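Spelled out, the chains give:
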Protein chains: 2
Amino acid sequence: MVQHARNVYLEDIPLEDARARLKSALQAAGRWEALPGESVPLPAALGRITATPVWAKLSSPHYHAAAMDGYAVWAADTVNATETRPLKLRVIPRQDVAGHGPGCAIPVNTGDPLPPDTNAVIMIEHVQPVGDQIEIRAAVASWQHVRPLGEDLVATELVLPVNHRIRPVDLGALAGSGHVTVSVRRRPLVAVIPTGSELLPAGEMPQPGQIIEYNSLVLAAQVQEAGGRAEVHDIVPDDVPKLQAAIELALSQSPDLLLLLSGSSAGSKDHTAALVREMGDLLVHGIAVRPGHPVIIGMIGRVPVIGVPGYPVSAALTGELLVEPLLAQWQGRPSAFDTRTHIQATTTRKIQSPVGDDDFVRVVVAPVGERLLATPLSRGAGVITSLVRADGLAHIPRFSEGIDMGHPVDVMLYHAPEVIQRTLLLMGSHDPMLDLLGQYFAEHLPGWRLVSGHVGSLGGLVALRRREAHAAGVHLLNPQTGNYNVDDVHKYLPDEPLMLVTFAHREQGLMIAPDNPLSIQSLNDLPRVRFVNRQRGAGTRVLLDYELEKRGLSQSDIVGYEREEYTHLAVAAAVASGAADCGLGVRSAALAMNLGFVPVGWERYDLVLPSAYHEHPGVQALVDLLNGGKFPAALAEQPGYDIRETGQVQYRQ
Amino acid sequence: MVQHARNVYLEDIPLEDARARLKSALQAAGRWEALPGESVPLPAALGRITATPVWAKLSSPHYHAAAMDGYAVWAADTVNATETRPLKLRVIPRQDVAGHGPGCAIPVNTGDPLPPDTNAVIMIEHVQPVGDQIEIRAAVASWQHVRPLGEDLVATELVLPVNHRIRPVDLGALAGSGHVTVSVRRRPLVAVIPTGSELLPAGEMPQPGQIIEYNSLVLAAQVQEAGGRAEVHDIVPDDVPKLQAAIELALSQSPDLLLLLSGSSAGSKDHTAALVREMGDLLVHGIAVRPGHPVIIGMIGRVPVIGVPGYPVSAALTGELLVEPLLAQWQGRPSAFDTRTHIQATTTRKIQSPVGDDDFVRVVVAPVGERLLATPLSRGAGVITSLVRADGLAHIPRFSEGIDMGHPVDVMLYHAPEVIQRTLLLMGSHDPMLDLLGQYFAEHLPGWRLVSGHVGSLGGLVALRRREAHAAGVHLLNPQTGNYNVDDVHKYLPDEPLMLVTFAHREQGLMIAPDNPLSIQSLNDLPRVRFVNRQRGAGTRVLLDYELEKRGLSQSDIVGYEREEYTHLAVAAAVASGAADCGLGVRSAALAMNLGFVPVGWERYDLVLPSAYHEHPGVQALVDLLNGGKFPAALAEQPGYDIRETGQVQYRQ
């Protein structure tokens, strides 16, 4: 571990400039053009990119073919046939056709070549056999029911342009026009070297300070999706000679691109830059993008090198912003950035962004009422689940200070817009069973998804008021009346027609270390232990305040009252790690983390369903799910949940 | 070959009913549910579908980690630090941390675990080293610059839902939460048997009546794209015992699905239906879809069988309509039909559709002016290039009689809408060099495409008048003046500001058999040979009529005057096949098909560019390309082209 012997970045340059420097260096090295083609058999060509235009070798069909079962005739022979004066034509078997005179008909099946001196086919349904003749009651036009030679493709015509991604039907057109192989762009080879002494290969149990190395897995998969081949090397510790040896080994396999994946420590990043400078040219050291600043770009010989930052979101975004576009360039195809769907959405929160940085914010996108909403997810560069959950990426350009709540933002979608359209957005209090609900929801309403945002009970009501969610999950105790939910719903949404349907009763209590070493028996013990709280607006925090007041305890008596977490599981994790001695939360969270649990009481968790969305298929599915069947049964099996009122309408207004 | 011993279809049933019958049969056989999972290592899981929800085994991070390089402190120790009254903290190396008292600071790098009794990190940039102490000038909040345990994922939390397609970032989340493998849906195995005595494997030279078999290639690729594995068997001739043996062999490998690909002849289709009925249950014999009627669905034991029609478009559409949705069902994911983008476009032609049929029409989609236009492509079931060129599929439901020109039609897109947006639509006269132009266009304006429709010169002018194209290619002789293009442009588009830019001069002439067996010397010979004409409105036909009149020849003197083709290459193909003795067309088409050529004269082929689209990037690229550089040079090398005026503005109005 290198202690504070740090390179200060010379400058963070704009993304555009970084790309331009890389392009110039590649052009200078003769490495910017698309890769040459390699000939592959058609069955192996699916998804590959054509390296040249492909022209037809054969016409298709390569002869005039009957397009129906029936009789081939010379159209001019039939001109006198009418409904009232049927015409008879002599039937001649195909093998006897040579030298036949006019006025005859030759039986053909679909696909047969037209016999000589015929130019039309009469469908079998339209003739009347009479001995060795057929009778027809209408004239036929020349070329009727004939697939003329070259109807599909004429030899020498363009079948596929260059730089075309080969789809299943393209393979058919290639084969049909006489091709057995096709010249496609070589797959770029990408060497991937993870570096960092703190990194541990997946599959081993990490100790504190150790990090499971998975950026190589993510980047290799990105390379594969982008049409390249990735060669992942072993993890190299923060040791300059070892890293140099690893780079030399990787380069000996002639990769098109080398990715050096830094660990998250400052030390390894600096090694990489110094070494690239020593072994070749360091072109870029720091790019003004968020997340992802400490990107390195260089050239070692003719091989471009990208130093990928260690934080997983930064790493994945570096793959999207720099690696994929380069692989696209080499394959002669547009980058995914240019072909993905962009939409305009309304941001539900203020997105702050420093001037000078290109900021890429992960967002969930869902239509609510007339508006398409973009809700920013966690912006931490370490939170890879924010990319997993993201529907798209909002780009805040570097000359912008950010985007105010309610303003439009451009979002590049990761899914088809159709997926986005089929979303039910549930905001409000966190409950671990919402994930379970989501599973049953997707099963009940195929193609749809339930997206839940954890903003606390009050946050859920505010979201409904702003028309930023279809439903809200709440458990809000009125300290005066002891009632749940009804009073706050009425207070925050006085004019909104809605109903309140019970999700479940659930048990709240103190989550404590498994063997209860501090002998915590009730909330009265809080002043002598370290507590971890929920955020302002959370129903669990309201419950805590209510219980404290009942006991005559003050917030300032509680060590850790100001330490806020956003979910029950995060509170449980804080207790499990020893960072706190206890926290208030639902029994299921304590169980999930193998913690002890001191019951405090049962509370009612309801869903608020505004009438404005009652016709929404997702809302209807939600109501169906709560009203019996598999989901309540599954919920009832979870300790700490009681379904006695699940699905009941508690209140309407 | 079976001559007219045909099964009459009992009924063509609606697509919906056919799907319902298949679903019921699969449910009865216990084969409708999604396939069970198989455990695969993460690097092999890209693109696979989760078979169960995946929950986190480890929290991520699994310890409280420093998020910055700097010093770990106990936040409460810093409350008195201010700008004017800096606070000093004793620096203690990490290894000496046990039992240290309050008021100290421990150096940490990003990613390090927080030392015991610390709960915040001060960035190295914000401290001043003073001997073995540091000086700070501001208090820090608890948990500042700390990535708390579980910030990304808390153990037991949902990482990925069931039925989720695994992307690169998902692999990261799986590895980071302690997984090394993941349970994904087994890939369905699909056996593919092509049948038909007329079929020839790709790579052999077909004789008239023989067809290169490529439907198996297309269907196997569709299966692969849909996440399945295809096992393609050898072609089976139209022989019932051989087909039965092939089916039995295929079934012995326990496929999930069996596809029987009929040849195009009626015979093979009937074999298939009879055999399915004999070996199992025939559920469907004929579906009311266009193209694709003669689809067969059955069950042999527990294995569903789909009989796929022989025409390539019918076969590919059967893959999309029936095979892919079934593979999607088995993998627990939505069908591509449900996730592809649908748009509303305006049809530029009347689309007729018989009531009772679900009609799937291949269309090209392009925005012109304010409108998004859908132009139907050839509807022949044999024209696979219509699928290659299609941007999407317009669905005309079975209760509709079709859609009038100018009316909206729903189109399921094969590409991202972004690709559609970047289109230049050129309608008008066919020239073989338009494909060459398209290649240079895509190179000149990356990400854009030139789509050309061959509707003849007059058709191009009409398209401009209707605002259904950005540009038109024309070569229209005024028989009175001998001038090209200007007069007709003025006549058909009198009020449209535009300019006329020359594409090239090109040589027209009679395309004849290579050795000129009929000694055709000039147009005067036409009355004694078989001619093939271009369609009404084609500039080449105008030229023919002009030349005929000059020579005192009548249209009725010409055998084949009424036989119309839409492109120069199609005319050349008709001559090459012997279906006609000669036709009028450009020299390049004669050369492409190795034909002889009797020159008739040079003509000017211009592009009509309305001012309304002058700002369009594609129009600007077109003008750039014609004004020098690589494209005119390449054109000049083609026999029969003269670039002396290429790029010149001939006329403005």
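Residues numbered from 1 in each chain as written. Chains lettered and ligands numbered in written order. Predicted model: local features only at pLDDT ≥ 70, side-chain atom pairs only at ≥ 80, totals over all residues. Heavy atoms only, no water.

Peer 1: Would you mind going over the overall build of chain A in detail, with residue names and values included?
Peer 2: Helix and strand counts for chain A come out as 17 helices and 38 strands. Here chain A has a C-alpha radius of gyration of 35 Å; the compact-globule value for 653 residues is 26 Å, and the former is much larger. Counting only C-alpha atoms and orienting by the principal axes, one finds that chain A spans roughly 115 × 70 × 45 Å. Counting across all 653 residues of chain A, residues that qualify as buried make up 59%. When contacts within chain A are restricted to residue pairs at least 6 apart in sequence, long-range pairs at least 24 apart make up 76% of them. (Helix = DSSP H or I, 4+ residues; strand = E, 2+ residues; numbered from the N terminus. Rg over C-alpha atoms; globule rule 2.2 N^0.38 Å. Buried < 20%, exposed > 50% of the residue type's maximum accessible area, 1.4 Å probe, protein only. Contact = heavy atoms within 4.5 Å.)

Peer 1: Quick one: what's the story with the relation of the copies chain B and chain A, residue by residue and with numbers?
Peer 2: The operation relating chain B to chain A is a screw motion whose rotation component is 180°, with 0.0 Å of axial translation and a residual RMSD of 0.1 Å. Taken together, the rotation angle and the small translation identify this as a two-fold axis. Every residue of chain B has its C-alpha some distance from the rotation axis, and the shortest such distance is that of B:Ala416, at 4.3 Å. (Least-squares fit on C-alpha atoms with pLDDT ≥ 70 in both.)

Peer 1: An account of the packing of helix 3 (residues 215–225) of chain A against helix 2 (residues 168–176) of chain B is requested, with residue identities and associated values reported.
Peer 2: Where helix 3 of chain A meets helix 2 of chain B, the axes come as close as 8 Å, and the angle between the chain directions of the two elements is 160°. Looking at the two axes, helix 3 of chain A sits roughly antiparallel to helix 2 of chain B. In this structure, helix 3 of chain A meets helix 2 of chain B at a crossing whose hand is right-handed. Residues A:Leu217, A:Val218, A:Ala221, A:Gln222 and A:Glu225 of helix 3 of chain A lie in contact with helix 2 of chain B, whose contacting residues are B:Pro168, B:Val169, B:Leu171, B:Gly172 and B:Ala175. Of the residues belonging to the contact of helix 3 of chain A with helix 2 of chain B, the class tally is 7 nonpolar, 2 polar and 1 charged. (Axes fitted to C-alpha atoms, helices over the stretch in contact; angles between N-to-C directions. Parallel < 35°, antiparallel > 145°, perpendicular 65-115°, else oblique. Left-handed = near helix turned anticlockwise from the far one by under 90°. Nonpolar A, V, L, I, M, F, W, Y, C, P; charged D, E, K, R; others polar.)

Peer 1: Which residues make up helix 13 (residues 539–550) of chain A, and what are the values?
Peer 2: Residue and element names in this part refer to chain A. With 12 residues, helix 13 extends 16 Å from end C-alpha to end C-alpha; this agrees with the ideal 16 Å at 1.5 Å per step. By the burial criterion, the buried members of helix 13 are Gly-539, Thr-540, Arg-541, Leu-543, Leu-544, Glu-547 and Leu-548. One or two positions beyond helix 13, positive phi appears at Gly-552, with a value near 70°. (Expected span 1.5 Å × (residues − 1).)

Peer 1: Explain the sheet that holds strand 17 (residues 257–261) of chain B residue by residue, including any values.
Peer 2: Two pairing modes exist for strands in a sheet, parallel and antiparallel, and in both the strands are linked by backbone hydrogen bonds. Residues and elements named next belong to chain B. Taken together, the 6 strands give an open sheet; going across it, the order is 16-13-17-21-20-18, and neighbouring strands pair in mixed fashion. Every other strand in the sheet has two partners, leaving strand 16 (229–232) and strand 18 (281–285) as the edge strands with one partner each. Within the sheet, the average angular offset between the axes of one strand and its neighbour, ignoring direction, is 20°. Note: strand 17 against strand 21 (residues 303–308), 4 bridges, orientation parallel. (Pairing = 2+ DSSP bridges.)

Peer 1: Just give me the short version of the pattern of salt bridges, but keep the residues and values in it.
Peer 2: Residue and element names in this part refer to chain A. Overall, the coordinates contain 58 salt bridges over all chains when judged by the stated rule. When the shortest N-O distance is used, the salt bridge between Arg-530 and Asp-581 registers 3.0 Å. Highlighted residues: Arg-530 in the loop between strand 32 (498–512) and strand 33 (531–534) and Asp-581 in the loop between helix 14 (568–576) and strand 35 (582–586), separated in sequence by 51 residues. When its relative accessible area of 33% is taken as the criterion, Arg-530 is described as partly exposed. (Salt bridge = Lys/Arg side-chain N within 4 Å of Asp/Glu carboxyl O.)

Peer 1: Account for the sheet that holds strand 4 (residues 70–73) of chain B, naming residues and giving values.
Peer 2: Residue and element names in this part refer to chain B. In space, the 6 strands of this open sheet follow the order 7-4-6-5-9-8, with mixed pairing throughout. Looking at which strands have only one partner, the edges of the open sheet turn out to be strand 7 (120–123) and strand 8 (128–130). The sheet shows a mean angle of 40° between the axes of neighbouring strands, direction not considered. Inspection of the sheet shows strand 4 paired to strand 6 (residues 104–108) by 3 bridges, in the antiparallel sense. Note on strand 6: the bridge partner recorded for Ala-72 is Ile-106.

Peer 1: Give me the lowdown on the interface of chain B and chain A, citing residues and values where you can.
Peer 2: Listed per partner, the contact involves 110 residues of chain B and 110 residues of chain A. Taken together, the connections running from chain B to chain A amount to 2 salt bridges. Residue A:Glu225 is joined to B:Arg165 by a salt bridge in which the shortest nitrogen-to-oxygen separation is 3.6 Å. If you look at where chain B meets chain A, you find 20 residue pairs in polar contact (both at pLDDT 80 or more). (Polar contact = N/O pair within 3.5 Å; in protein donor to acceptor, adjacent residues only side chain to side chain.)

Peer 1: Lay out unusual backbone geometry in plain terms, naming residues and giving numbers.
Peer 2: Residue A:Pro61 follows A:Ser60 across a cis peptide bond; omega there is -10°. Mapped onto the secondary structure, A:Pro61 falls in the loop between strand 2 (54–55) and strand 3 (65–66). A cis amide bond links B:Arg290 with the next residue in sequence, B:Pro291, at an omega value of -15°. Structurally, B:Pro291 can be placed in the loop between strand 19 (289–290) and strand 20 (296–300). Unusually for a residue other than glycine, A:His145 sits at a positive phi of about 55°. Looking at where A:His145 falls in the secondary structure, it is placed in the loop between strand 9 (133–136) and strand 10 (146–147). For A:His145, a relative accessible area of 26% puts it in the partly exposed group. For A:Thr156, which is not glycine, the phi dihedral falls at a positive 85°.

Peer 1: Could you give an account of the environment of B:Tyr566, naming the residues involved and the relevant values?
Peer 2: Inspection of the secondary structure puts B:Tyr566 in the loop between strand 34 (564–565) and helix 14 (568–576). Note: C-alpha distance between B:Tyr566 and B:Ser24 (542 residues apart in sequence) is 47 Å.

Peer 1: Give me the pairing of strand 25 (residues 371–376) of chain A: which residues, what numbers.
Peer 2: Residues and elements named next belong to chain A. With 5 of 6 residues buried, strand 25 is to be regarded as a mostly interior element. Two strands pair when backbone bridges link them, and strand 22 (residues 342–347) and strand 25 are joined in this way by 2 bridges, in the parallel orientation. Across the sheet, Thr-346 pairs through a bridge with Leu-373, a residue of strand 25. Pairing geometry for strand 24 (residues 358–368) and strand 25, over 6 bridges, is antiparallel. Looking at strand 25, one finds that Pro-367 is bridged to Leu-372. Taken together, strand 24 and the strand that follows it, strand 25, pair antiparallel across an intervening segment of 2 residues, in which Gly-369 is found at a positive phi of about 60°.

Peer 1: Kindly report on the side chain of A:Gln535, identifying the contributing residues and their values.
Peer 2: Residues and elements named next belong to chain A. Within the secondary structure, Gln-535 is located in the loop between strand 33 and helix 13. According to the relative accessible area criterion, Gln-535 is buried, its value standing at 2%. The residues touching Gln-535, leaving out its near neighbours within four places in the chain, are Val-455, Gly-456, Arg-541, Glu-564, Glu-565 and Tyr-566.

Peer 1: So what's going on with the environment of A:Arg85? Residues and values would help.
Peer 2: Residue and element names in this part refer to chain A. Summarising the element assignment, Arg-85 is placed in the loop between strand 4 (70–73) and strand 5 (87–91). In this structure Arg-85 comes out as exposed when scored by relative accessible area, which is 65%. Linking Arg-85 and Gln-133, residues 48 residues apart in sequence, is a C-alpha distance of 15 Å.

Peer 1: Which residues make up the side chain of A:Asp69, and what values go with them?
Peer 2: The residue A:Asp69 is located in the loop between strand 3 and strand 4 in this model. Within the local environment of A:Asp69, its side chain forms a polar contact with the side chain of A:Thr110, the two groups lying 2.6 Å apart.

Peer 1: Could you give an account of the pairing of strand 13 (residues 189–194) of chain B, with specific residues and numbers?
Peer 2: Residue and element names in this part refer to chain B. Burial within strand 13 is extensive, with 6 of its 6 residues counted as buried. Side chains Leu-189, Ala-191 and Ile-193 project from strand 13 onto one buried face, and the interleaved Val-190, Val-192 and Pro-194 project onto a second face that is buried too. As judged from the 5 bridges shared by strand 13 and strand 17, these two strands associate in the parallel manner. What sits directly across from Ala-191, in strand 17, is Leu-258.

Peer 1: Would you mind going over the confidence of the model for chain A in detail, with residue names and values included?
Peer 2: All names here are of chain A. Of the residues in chain A, 97% have a pLDDT of 70 or more, and the chain-wide mean is 90. Mean pLDDT values for the elements of chain A range from 78 in helix 5 (residues 266–279) up to 98 in strand 12 (residues 181–185). With a pTM of 0.90, the predicted complex shows an ipTM of 0.91. (pLDDT = per-residue confidence, 0-100.)

Peer 1: Outline the packing of aromatic side chains, listing residues and values.
Peer 2: Per the counting criterion, the structure on display carries 8 aromatic pairs over all chains. Grouping aromatic residues by their ring pairs yields a cluster made of A:Tyr440, A:Phe503, A:Tyr605 and A:Phe631. The ring centre of A:Trp143 lies 3.3 Å from the NZ or CZ of B:Arg563, which sits over that ring. (Phe/Tyr/Trp six-rings, centres within 6.5 Å; stacked < 30°, edge-to-face > 60°. Lys NZ or Arg CZ within 6 Å of the ring centre and 35° of its normal.)

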